[in-house]
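Secondary and tertiary structure notes
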Amino acid sequence: MSEKEILTVNANVDITAASLQAVVENVKKIASSEGEGGYPLDPADVVSEMISRFLLEKDFENFVKDEGNYPSHSA
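Let me sum up the structure you'll find in this document. (Residues numbered from 1 in each chain as written. Predicted model: local features only at pLDDT ≥ 70, side-chain atom pairs only at ≥ 80, totals over all residues. Heavy atoms only, no water.)

Regarding the layout of surface pockets
Of the voids in this model, the largest pocket is the one considered here, and its volume is about 1,000 Å³. If you list the elements that add at least two residues to the lining of the largest pocket, you get helix 2 (43-57) and helix 3 (60-65). Here the lining of the largest pocket gets 7 residues from one element, more than from any other, and that element is helix 2. A per-class count over the lining of the largest pocket returns 12 nonpolar, 5 polar and 5 charged. By volume, the second largest pocket is sized at about 190 Å³. Lining of the second largest pocket is provided by 13 residues; of these, Val27, Leu41, Asp42, Asp45 and Val46 occupy positions nearest its centre. Take the lining of the second largest pocket: its biggest share by element is 5 residues, from helix 1 (residues 17-34). (1 Å grid on protein atoms, 1.4 Å probe; cavity = no way out; pocket = protein on both sides within 12 Å on 5 of 7 lines; lining within 4 Å. Points joined across faces, edges and corners; volume = space filled by probe spheres on them. Helix = DSSP H or I, 4+ residues; strand = E, 2+ residues; numbered from the N terminus. Nonpolar A, V, L, I, M, F, W, Y, C, P; charged D, E, K, R; others polar.)

See below:
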């Protein structure tokens, strides 16, 4: 399989408070299990990485090719 070119795009996304709370709780668990020498995780970075992985795994590329998936802006 060929490697796809990956670009970083900064975007605002809506997630539930429960989703963010789960990320924060899990980041705290990971940090405490790694002890003092563990790599500090930033919840915002983790959310970004998780959303990026989700989009790749769920084939966002084909989703955006379908014009039917775009929001309507008609009045």
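Resuming the write-up.
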